Amino acid sequence: MISTSLLTEFQNLLGKDNVLESESDRHAYSYDAAVLDAVVPELVLRPTNSEQLGKTVALCNENKLPMTVRGAGTNLSGGTIPTKEHGVVILTNGLNKILEINEQDLYAVVEPGVVTAKFAAEVAKRGLFYPPDPGSQAVSTLGGNVAENAGGLRGLKYGVTKDYVMGVNFWNAEGEYVKSGGKTVKCVTGLNIAQLMVGSEGTLGVYDQIILKLVPPPVASKAMLAEFDDINKASETVAAIIANKIVPCTLELLDNATINLVDDFTKAGLPRDAAAILLIEVDGGHIALVEDDAEKVVEICKKNGARRVQMAKDAAEKNKLWEARRNALPALARARPTTVLEDATVPRSQIPAMIKAINDIASKYKLQIGTFGHAGDGNLHPTILTDKRDKEEFHRVELAVDEIFDVALSLGGTLSGEHGIGTAKSKWLEKETSKATIIYSRRLKKAVDPNYLLNPGKIIGG
């Protein structure tokens, strides 16, 4: 239990308004977007500047309080669910300043609580581009993006969050300030600690400042929607586009179940009878090259069985297509009380085999699974629509998820392309890596966090 004197110390440090101790306030931070049991923290702390953040971490360490650092809580792996052992939640949404946007050297320095979409918009005002675009970008924070190594629709061509992290300054478990990386294009000073922090899910340190790479925006783009009567032909088309040495900015797939639920939700006028659609965008620095690539993609789609390919006539039509895609998860989530969203990821050439396996698993366990995702980089989101209160049905869901991951790994894939491991997927980790990998990771964790207080139990368990 947190003593009265320690509570007072936190209040003096942060101000009473930033120390949340009521049951209702604490309950609001007991869960994230994963389908896992909630755990109510003992206290919720909200620093609003770097000094407060460092002192908060130090106080927690001195008093052996497990810390769960939280941005917007949109992650899908249980990474921001507090520990059961007298834990506190440290919110970073109070550190929400864009400290620098350097137009000459193409980087920005931000605090962890900056909202992703707001940052991208500010960068765009300067004529620059920050490509990572997770589906939750309207609310997710950059600190959370780095912690989970978030991906997004543009990952196929532009990469994911790790590809834009130049440096991370953070507070270690003892509340000491650590600098890693830098603002230069090349930086090989010491160990590559900055990249070690990417995807660490709050287990190795608490971010204070993040240095992000920026790039020039594309000059032109073309977006299109391709309709298919056979989902296998759609998935084969994905592989065919890449095999023809064309790398679209985005290459997304929606199956029939997802198409209909999205159209019910958005009234976007999607082809409701299609077995699957591909949403494709090509972009680049030269208009003629973009138009040439777009024509080649249309040709490949038709050659591989597309019954129709519709090119967006203008920016409004293009935005309508991508708005429909971004509403895939909200649309699916309205169908049943519980939505189990996974992100099994396979090599692109194995997309057809993965799609077939998901459909076979859905039939085997008599489950409704809507599949959508970043097909161009092999990152699919099989989404099981269920009701967790129905114990028999949910048991079938758990068996189905086991099989989905087994298939993904057998095809040379991975447990997670962008959602992280947290607690939701840690039980499968040894299947993908090895026992020695997990032991090595735990030794690293113990070395930097000897009291095991930074998000304990996440990723590697133990």
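Below, the structure is looked at part by part. (Residues numbered from 1 in each chain as written. Predicted model: local features only at pLDDT ≥ 70, side-chain atom pairs only at ≥ 80, totals over all residues. Heavy atoms only, no water.)

A separate point is unusual backbone geometry. Trans is the common state for peptide bonds, and a negative phi is the common state for residues other than glycine. Not every positive phi belongs to a glycine, and Asn455 is a case in point at roughly 45 degrees. One can find Asn455 in the segment after α16 (435-448). (Helix = DSSP H or I, 4+ residues; strand = E, 2+ residues; numbered from the N terminus.)

Enumeration over the complete set of coordinates arrives at 27 salt bridges. Glu252 serves as the salt-bridge partner of Arg325, at 2.6 Å between the closest nitrogen and oxygen. With Arg325 in helix α11 (residues 315-326) and Glu252 in strand β11 (residues 250-255), this pair connects stretches of sequence that are 73 residues apart. Taking the relative accessible area as the measure of exposure, Arg325 reaches 5% and is therefore buried. Glu342 is paired through a salt bridge with Lys425; the nearest N and O atoms lie 3.9 Å apart. With Glu342 in the loop between β14 (338-341) and α13 (351-364) and Lys425 in the loop between α14 (391-410) and α15 (429-432), this residue pair connects regions lying 83 residues apart in the sequence. The same class applies to Glu342 as to Lys425, namely buried. Here the residues in one salt-bridge network are Glu227, Asp229, Asp273, Arg307 and Arg308, joined through shared partners. (Salt bridge = Lys/Arg side-chain N within 4 Å of Asp/Glu carboxyl O. Buried < 20%, exposed > 50% of the residue type's maximum accessible area, 1.4 Å probe, protein only.)

The next thing to look at is α11. Along an α-helix, residues three or four positions apart point the same way, because every turn accommodates 3.6 residues. Helix length check: α11, at twelve residues, gives a terminal C-alpha distance of 16 Å against a target of 16 Å (1.5 Å per residue), a fit within 8%. Within the span of α11, buried status applies to Leu321, Trp322, Ala324 and Arg325. The buried residues of α11 occupy an angular sector of 150 degrees when the element is viewed end-on, so they sit on one face. With a side-chain oxygen positioned 3.2 Å from the backbone nitrogen of Ala316, the residue opening α11 is Asp314. (Expected span 1.5 Å × (residues − 1). Arc of directions from axis to C-beta. Polar contact = N/O pair within 3.5 Å; in protein donor to acceptor, adjacent residues only side chain to side chain.)

Next up on the list: the layout of surface pockets. Counted as a void, the second largest pocket has a volume near 970 Å³. Taken together, 44 residues line the second largest pocket, and the ones lying closest to its centre are Asn149, Val198, Gly199, Ser200 and Ile421. Those elements giving two or more residues to the lining of the second largest pocket turn out to be α7 (193-197), α15 and α16. In terms of residue count, the dominant contributor to the lining of the second largest pocket is α16 (six residues). (1 Å grid on protein atoms, 1.4 Å probe; cavity = no way out; pocket = protein on both sides within 12 Å on 5 of 7 lines; lining within 4 Å. Points joined across faces, edges and corners; volume = space filled by probe spheres on them.)

Before going further, it helps to spend a moment on the sheet that holds strand β5 (residues 98-102). Pairing is antiparallel in the open sheet, where five strands are placed in the order β5-β6-β9-β7-β8. Bordering the open sheet on either side are β5 and β8 (177-178), each of which pairs with just one other strand. Sheet analysis places strand β7 (residues 165-171) next to strand β9 (residues 206-213), joined by six bridges and oriented antiparallel. If you follow Val165 over to β9, its bridge partner there is Leu212. (Pairing = 2+ DSSP bridges.)

The next subject is the packing of α13 against α14. Where α13 contacts α14, the axes come no closer than 10 Å and their chain directions differ by 160 degrees. By the angle class used here, α13 and α14 are roughly antiparallel. Relative to α14, α13 is oriented so that their crossing is right-handed. On α14, the residues touching Met354, Ala357, Ile361 and Lys364 of α13 are Ala400, Glu403, Ile404, Val407 and Ala408. By residue class, the composition of the contact of α13 with α14 is seven nonpolar, no polar and two charged. (Axes fitted to C-alpha atoms, helices over the stretch in contact; angles between N-to-C directions. Parallel < 35°, antiparallel > 145°, perpendicular 65-115°, else oblique. Left-handed = near helix turned anticlockwise from the far one by under 90°. Contact = heavy atoms within 4.5 Å. Nonpolar A, V, L, I, M, F, W, Y, C, P; charged D, E, K, R; others polar.)

Among the surface-exposed residues, Leu196, Leu444 and Val448 lie close enough to one another that they form a single nonpolar patch of about 200 Å² accessible area. Exposure remark for Val448: the relative accessible area of 31% places this residue in the partly exposed category. (Patch = residues over 30% accessible without salt bridge, like charges linked within 9 Å, V, L, I, M, F, W, Y side chains within 5 Å. Areas by Shrake-Rupley, 256 points an atom, 1.4 Å probe, with all protein chains shown as cover.)

Bringing the sheet that holds strand β12 (residues 276-284) into the picture now. Taken in spatial order, the seven strands of this open sheet run β13-β10-β12-β11-β15-β16-β14, and their pairing is antiparallel. Two strands lie at the open edges of the sheet, namely β13 (306-311) and β14, each paired on one side alone. Averaged over all neighbouring strand pairs, the angle between strand axes comes to 20 degrees, with direction disregarded. Judged from the six bridges that link them, β11 and β12 form a sheet pairing that is antiparallel. Along β12, the bridge assignment pairs Leu254 with Ile277. Sitting on the sheet, helix α9 (residues 256-266) touches β11, β12, β15 (368-374) and β16 (379-386), and the angle it makes with β11 is about 90 degrees.

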